[in-house]
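The lines below spell out each chain.
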Amino acid sequence: MDPDLKREVLDVRKVIERSTSKVSLRDLEKKGFRQVKVLRAGDINQLIFKAVQNVLAKAPRGGMDEEERQKILQEAKNDFSRMMAEKKDLVAKQEQIQQAHQNLQGKLTQVNQQLAAEKNAILAERQQFERDKQSLMESSLQGQQSAAANFTGQIEDLRQSASKAEARAEAAEAKALSAEGAIPKDEYDQLRRRMNTQLEDAQEDVERYRKQIRTLEEEQEGQIKKLKGDKINAEEGESRAQTKIKTLDEDKTRLEEEVSRLRAELAEASVSSGSGGISADHDAEFQRLRMEMEQRSARMQDMMAGIANSLVESRSDGGGGGDFSKQFESLQKNITSAMRKATGAAGGNDDFELTVEQASAIFAQYDNVKLETNIDNVDLKTIKAKGINSKLAKLRNLQRGG
Amino acid sequence: MSDKPSIDFGAAAAPAPRSSGPRLRPGKGLDVGTANLLSGVQDYEDNVIIKVQRNAFIDIEQNDFTRNMLTKMGVQYVILNNKMIVIGDPAFDLANIYNRETRRPMSDGMISPKEADALPIEKLLVDRLLGPPTCPNEVCYYSVPADPIDFEMNVIYHKGIFSDLLRKLGYNPKDILEAHCTVFAELDEDDFTGIGISCGGGMFNVCVAFKTLPALSFSTARGGDWIDRNVAKVLGIKSARACALKEKGVDLRNPRTREEQAIDLYYRELIRYTLSEIKNRFETSENMPQFPDPIDIVFAGGTSKIGGFIDVVRDEFSRMKFPIPIKEIRRADDPLTSCARGALVAAAADPENPME
Ligand SMILES: Nc1ncnc2c1ncn2[C@@H]1O[C@H](COP(=O)(O)OP(=O)(O)O)[C@@H](O)[C@H]1O
């Protein structure tokens, strides 16, 4: 019942109550009443309510007409369903936001894990690079020293030979001089001539040795210069690699900043739960971020692989005693091409050109990896095929020249 | 290879103990294909036993449920870098279900430097196929592609990987041209003289042999995958789907649907291209042997399995002036195992192979 109406009815009831008097049953009996009709208060209420309604309906100006009533009722209904819808909407939005929140959290965790893994990979790679570089440098130094010692020894030998030849020449001269006058003229002349040729020979020897010493010294100087140059080249290549690693590091820092920015946004988003459009924006952002990360990690992998290869190569060339300039050259070349690939410079063929040794070295990292697999528990498809004995017989026959 | 792409949920594969089958003769053949890896061995009763492993994988969500489920279903998987990688035929089925592409350890007939997961998986597959050597220094011939005429590739890397892998398994590894295997497997009646053509997934390999010796060999980058790719493109579907359509049993003599017509179209183009390349090579090569008699052309490999293949070859052949007389054009009895059998013949006949 309409609460207002109800109140009116109650008021009427009160009025009735106030205007009636209580008569005891005994008095009624005395007045000759045997039976009394009893009206319950609720029934009275009903009656009064109906009466009031009738009055209201009949009175043209006094209350609302039916149309107005319906209108009001309809408005009330509309109000109610609008409120219900709003509430439902709100709940849905809250759920949506919660979902978006969860998604973002998940993605954040993923991105963070990826970042951590990359960080570790860079670290490990860099440590390895440092170790390899160290050993490369050491072996190159050893090589340089032994080469120098070798040259010095040769020069010393030549010097000794030269001075021996000089001594021989001097001895010949002395002999010739001391012989003069002591022996007959023609015999002396003959001796003199012989001594002279010996002297000339010896002097030629000396000259030749000197020349050899000069060329050797020049060669040695050249070699040392070249080794120095190579070292500089290698260092340049390495410093370029370092720079690249640094930019990658910076990339990472930037990314981390972006992650924390996003995290802040996320926090904000979960506070201001009213705005519904955040999740789409964040999704796009994350998509972009993810793509960027993937691209970058692919490039980084390429570069790391390149650097690893160059190291594998210089190691497998055999540190110490090897041809260092060649080692440096290949290191140089590989680092350059790795850089080119990593920076995406034009003209790069993106396949590695691996040698057998490199391939094997690369494979080595999987040698001791134990993979979880059920491969041994699953039967392989097996086919029985025709025998090959007759083919083999024919082949052996042909091989024997039949 | 399954003719129908379906996962059999019913059949629970019993765990297979590592084979303790019949005693084997020394010498093994390994067909290293883009689509399939096959091993061939011989027992002492003149039987050849071929094992097949589809060379493809796909990564899926990893959890305990899928792990158990896959083992129950007899599906091979590997967990690598926290990813669950499903190997072999089911990878194709899953690719079809999820409308994704499978991943291949090898592309264009070669181990792919871009598939970082390829190496450990390939190692596992080869290990599983070959098992340990039957005796020390057992010779294993593995197939390699010939020099390609229409693209660049680094065969050295490929060879390096496989010879290293086999050596580590205890074998004495030797490489052999894929189409040379076809010659060893299919041309014994002609004193191993003729033209062998291996029609694989990633490429076609051609070898012209004279009394066992390869006189001319080359490869092209077009094979079954090329057909899949192109059919997929014209029909607007994924390659895995096109591949399934192709393997379902198409007859090139009678293409009935738009899909089959597309497949027919690209098959013809592929065959024409291959034949005309052989013709070109014959005409431009200087040291080609003089064949005293007409020779056979024999086709092997999965791509030659399609219905009407030889008819189309003969049809295209009849339209060109081939530089040497051809006796017969035919297909290997068992095109899929041909390469593995040929490699096995080469291994068993190798003087370095320990005699039993
Ligand atoms: N029944 C078939 N019809 C047509 N193509 C087939 C059929 N069976 C396999 N193939 C195709 O053969 C190729 C694989 O052949 P295979 O000889 O195993 O190649 P590979 O030597 O490269 O591993 C794939 O492209 C595959 O789709």
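Predicted model, so just to flag it, every value in this text is computed and none were measured.

Visitor: Report on the overall build of chain B, specifying residues and quantitative values.
Guide: Helix and strand content of chain B: 10 helices and 15 strands. Across the 356 residues that make up chain B, the buried fraction comes to 61%. In chain B, 69% of the contacts between residues at least 6 apart in sequence involve partners at least 24 apart.

Visitor: Any details on the environment of Gln42 of chain B? Residues and values, ideally.
Guide: Tracing the sequence through the fold places Gln42 of chain B in strand β2 (residues 36–42). For the pair Gln42 of chain B and Ala348 of chain B, spaced 306 residues apart in sequence, the C-alpha separation works out to 8.8 Å. The contacts of Gln42 of chain B, once residues within four sequence positions are left out, are Ile388, Asn389 and Leu392 of chain A together with Leu24, Arg25, Asn47, Val48, Leu344 and Ala348 of chain B.

Visitor: Describe the site of the ligand, with residues and values.
Guide: Residue and element names in this part refer to chain B. In the region of the ligand, 20 residues are neighbours, and Asn36, Gly201, Lys246, Glu247 and Gly302 sit closest. Here Thr34 contributes a backbone N or O atom positioned 2.9 Å from an oxygen atom of the ligand. Between the ligand and Thr303 there is a distance of 3.1 Å, counted from an oxygen atom to a backbone nitrogen or oxygen. For the ligand, the accessible surface in isolation is 580 Å², of which the surrounding protein chains cover 96%. The leading source of residues in the shell around the ligand is helix α7 (residues 239–247), at three residues. Of the residues assigned to the shell around the ligand, the class counts are six nonpolar, 10 polar and four charged.

Visitor: Before we move on, can you summarise the nonpolar core with the specific residues and values?
Guide: Core analysis: the largest hydrophobic core is formed by 42 residues, its most contacted members being Ile195, Ile197, Ile297, Phe299, Phe309 and Phe322 of chain B. For this core, the leading source of residues is helix α8 (residues 258–284) of chain B, giving nine residues. Leaving out residues up to four positions away in the same chain, Ile197 of chain B has contacts with Thr182, Phe204, Asn205, Val206, Ile278, Ile297, Val298, Phe299 and Ala300 of chain B. Grouped together as the second largest cluster of nonpolar side chains are 30 residues, Leu398 of chain A together with Ile176, Ala209 and Val298 of chain B included.

Visitor: A description of the environment of Thr66 of chain B should follow, citing residues and the corresponding values.
Guide: Residue and element names in this part refer to chain B. Mapped onto the fold, Thr66 is located in helix α1 (residues 64–72). Separated by 18 residues in the primary sequence, Thr66 and Met84 have C-alpha atoms spaced 9.1 Å apart. Among residues more than four places away in sequence, those in contact with Thr66 are Glu61 and Met84.

Visitor: Account for the packing of aromatic side chains, with residues named and values stated.
Guide: All names here are of chain B. This structure, assessed with the given rule, holds eight aromatic pairs over all chains. Both rings, one in Trp226 and one in Tyr266, keep their centres 5.7 Å apart while their planes meet at 80 degrees; by these two values the pair is edge-to-face. With Trp226 in helix α6 (residues 224–235) and Tyr266 in helix α8, this pair connects stretches of sequence that are 40 residues apart. Note on Tyr266: relative accessible area 16%, which makes it buried. When the ring of Phe317 is compared with that of Phe322, the centres are 5.1 Å apart and the planes differ by 45 degrees; the resulting orientation is tilted. Note on accessibility: Phe317 and Phe322 belong to one class, buried. Ring-pair connections join several aromatic residues into one group, and the members of that group are Tyr267, Phe299 and Phe309. Looking at Arg222, its charged tip hangs above the ring of Tyr273, at a distance of 3.9 Å from the centre.

Visitor: Explain the sheet that holds strand β3 (residues 48–54) of chain B to me, using residue names and the numbers behind them.
Guide: On the basis of which strands lie adjacent, the open sheet formed by six strands has the order β2(A)-β3(B)-β2(B)-β1(B)-β9(B)-β10(B) and mixed pairing. One side of each edge strand has no neighbouring strand; the edge strands of this open sheet are β2 (381–385) of chain A together with β10 (172–177) of chain B. Direction aside, the axes of adjacent strands within the sheet are offset by 20 degrees on average. Sheet topology places β2 of chain A next to β3 of chain B; five bridges connect them, and they run antiparallel. What sits directly across from Ile383 of chain A, in β3 of chain B, is Ile50 of chain B. Contacts between helix α3 (residues 118–130) of chain B and the sheet are confined to β1 (28–32), β2, β3 and β9 (139–144) of chain B, with β2 of chain B contributing the most and set at about 25 degrees to the helix.

Visitor: I'd like a rundown of the pairing of strand β11 (residues 194–199) of chain B, residues and numbers included.
Guide: Within a regular beta strand, the side chains point alternately toward one face of the sheet and then the other, so they alternate between its two faces. Residues and elements named next belong to chain B. Extensive coverage of β11 is indicated by the burial of six of its six residues. Burial along β11 is two-sided: Gly194, Gly196 and Ser198 and Ile195, Ile197 and Cys199, pointing in opposite directions, are all buried. Examined bridge by bridge, β11 and strand β12 (residues 204–210) share six bridges and lie antiparallel to one another. When the sheet's bridge partners are listed, Gly196 is paired in β12 with Cys207. The hairpin formed by β11 and β12 contains four residues between the paired strands. Where β11 and strand β14 (residues 295–300) come together, four bridges link them in parallel fashion. Bridging across to β14, Ser198 finds its partner in Ala300.

Visitor: Summarise the pattern of salt bridges; cite the residues concerned and give the values.
Guide: Residue and element names in this part refer to chain B. As enumerated under the stated definition, the model contains 27 salt bridges over all chains in all. A salt bridge links Glu138 to Lys28, with the nearest nitrogen and oxygen atoms 3.8 Å apart. Of this pair, Glu138 sits in the loop between α3 and β9 while Lys28 sits in strand β1; the two residues are 110 residues apart in sequence, bridging distant segments of the chain. When the shortest N-O distance is used, the salt bridge between Asp311 and Arg253 registers 3.2 Å.

Visitor: With reference to specific residues and values, describe the packing of helix α5 (residues 178–186) of chain B against helix α10 (residues 338–349) of chain B.
Guide: Geometrically, a packed helix pair is captured by the angle between its two axes and the distance between the axes. Residues and elements named next belong to chain B. It is the contact of α5 with α10, at a shortest axis distance of 7 Å, that shows an interaxial angle of 80 degrees. It follows from the interaxial angle that α5 and α10 lie roughly perpendicular. Facing α5, whose interface residues are Glu178, Cys181, Thr182, Phe184, Ala185 and Glu186, α10 presents Ser338, Cys339, Arg341, Gly342, Ala343, Val345 and Ala346. Residues that form the contact of α5 with α10 fall into these classes: seven nonpolar, three polar and three charged.

Visitor: Summarise α1 of chain B; cite the residues concerned and give the values.
Guide: Residue and element names in this part refer to chain B. By the burial criterion, the buried members of α1 are Thr66, Arg67 and Leu70. Angular distribution of buried residues about the axis of α1 spans 105 degrees; they occupy a single face of the element. Counted as exposed and oriented over 90 degrees from the buried face of α1: Asp64, Phe65 and Lys72. Near the N-terminus of α1, the side chain that reaches the backbone nitrogen of Phe65, with its oxygen 3.2 Å away, is that of Asn63.

Visitor: Explain the sheet that holds strand β15 (residues 326–331) of chain B to me, and be specific about the residues and the numbers.
Guide: All names here are of chain B. One open sheet holds the five strands; their spatial order is β13-β12-β11-β14-β15, and the pairing between them is mixed. Sheet topology places β13 (213–220) and β15 at the edges, where each strand pairs with a single neighbour. Adjacent strand axes in the sheet meet at a mean angle of 15 degrees when their direction is disregarded. The sheet contact formed by β12 and β13 spans seven bridges and is antiparallel. For Phe210, the partnering residue across the bridge sits in β13 and is Leu213. Helix α9 (residues 309–318) contacts β11, β14 and β15 of the sheet and is inclined by roughly 150 degrees relative to β15.

Visitor: Requested: an account of the pairing of β14 of chain B, with residues and values cited.
Guide: Burial analysis of β14 of chain B places six of its six residues in the buried class, which makes it a mostly covered element. On β14 of chain B, burial covers both faces: Ile295, Ile297 and Phe299 of chain B on one face and Asp296, Val298 and Ala300 of chain B on the other are all buried.

Cut-offs applied
- Residues numbered from 1 in each chain as written.
- Chains lettered and ligands numbered in written order.
- Predicted model: local features only at pLDDT ≥ 70, side-chain atom pairs only at ≥ 80, totals over all residues.
- Heavy atoms only, no water.
- Helix = DSSP H or I, 4+ residues; strand = E, 2+ residues; numbered from the N terminus.
- Buried < 20%, exposed > 50% of the residue type's maximum accessible area, 1.4 Å probe, protein only.
- Contact = heavy atoms within 4.5 Å.
- Near = heavy atom within 4 Å.
- Polar contact = N/O pair within 3.5 Å; in protein donor to acceptor, adjacent residues only side chain to side chain.
- Areas by Shrake-Rupley, 256 points an atom, 1.4 Å probe, with all protein chains shown as cover.
- Nonpolar A, V, L, I, M, F, W, Y, C, P; charged D, E, K, R; others polar.
- Core = buried A, V, L, I, M, F, W, Y, C linked by side-chain atoms within 4.5 Å.
- Phe/Tyr/Trp six-rings, centres within 6.5 Å; stacked < 30°, edge-to-face > 60°.
- Lys NZ or Arg CZ within 6 Å of the ring centre and 35° of its normal.
- Pairing = 2+ DSSP bridges.
- Axes fitted to C-alpha atoms, helices over the stretch in contact; angles between N-to-C directions.
- Salt bridge = Lys/Arg side-chain N within 4 Å of Asp/Glu carboxyl O.
- Parallel < 35°, antiparallel > 145°, perpendicular 65-115°, else oblique.
- Arc of directions from axis to C-beta.

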